[in-house]
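Observations on chain architecture
As a plain string of letters, each chain reads:
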Amino acid sequence: HRKLRRQRNFVGVLDGVYGLGRAKQQAILRHFGGLQGLEKASLTELESVPGVGPKLARAILDHLRSS
């Protein structure tokens, strides 16, 4: 249960990204192993996640760097 609560809190960080729903948020976090892995990810690594294109990857990186 603790693990699930932690994952839900991380998803809240990505709530402000336009075009990014809960399913993609969870898929991205699972792919990178959490928020720390996501913060270290490059644009091409983000684009490698299924369902994330170049425009969405750029929006995610911009959102993470601005907050």
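Below: a short report on this structure. Bear in mind the structure is a predicted one, so any value in this text is a computation, not a measurement. Residue numbers here run from 1 along each chain, matching the order of that chain's written sequence. It should be noted that, the model being predicted, local features are given only for residues of pLDDT at least 70 and side-chain atom pairs only at 80 or more, the latter also being counted only at that level, while totals for whole chains, interfaces and linings use all residues. By convention in this description, side-chain values take in all heavy atoms of the structure and omit both hydrogens and water.

1. A closer look at the side chain of Gln25
For the purposes of this entry, the term helix denotes a DSSP run of H or I that reaches at least four residues, the term strand denotes a run of E that reaches at least two, and both are numbered from the N terminus. Mapped onto the elements of the fold, Gln25 is located in helix 2 (residues 22-32). On the basis of relative accessibility, which here comes to 2%, the residue Gln25 falls in the buried class. As used in this structure description, the phrase polar contact means that two N or O atoms lie within 3.5 Å; if the pair is within protein, one of them must be able to donate a hydrogen and the other to accept it, and residues adjacent in sequence are counted only when both atoms belong to side chains. A polar side-chain atom of Gln25 sits 3.4 Å from a polar atom in the side chain of Asp15. Each residue is placed in one exposure class: buried if its accessible area under a 1.4 Å probe, protein chains only, is under 20% of its type's maximum, exposed if it is over 50%, and partly exposed if it falls in between.

2. What about helix 2?
When helix 2 is considered as a whole, its buried residues turn out to be Gln25, Ile28, Leu29 and Phe32. The buried residues of helix 2 occupy an angular sector of 95° when the element is viewed end-on, so they sit on one face. Exposed residues pointing more than 90 degrees away from the buried face of helix 2 are listed as Ala23 and Arg30. Within two residues after helix 2, Gly33 carries a phi angle of roughly 80°, on the positive side. Read the arc as the range of directions from the helix axis to the C-beta atoms.

3. Side note on the pattern of salt bridges
Counted as salt bridges are all cases of a side-chain nitrogen of Lys or Arg within 4 Å of a carboxyl oxygen of Asp or Glu. Throughout the structure, instances matching the rule amount to two salt bridges. Between Asp15 and Arg22 there is a salt bridge, with its nearest N and O atoms 3.8 Å apart. Close ionic contact of Arg58 with Asp62 constitutes a salt bridge, the shortest N to O distance being 3.7 Å. Highlighted residues: Arg58 and Asp62, both in helix 5 (residues 54-66), separated by four residues, approximately one helical turn.

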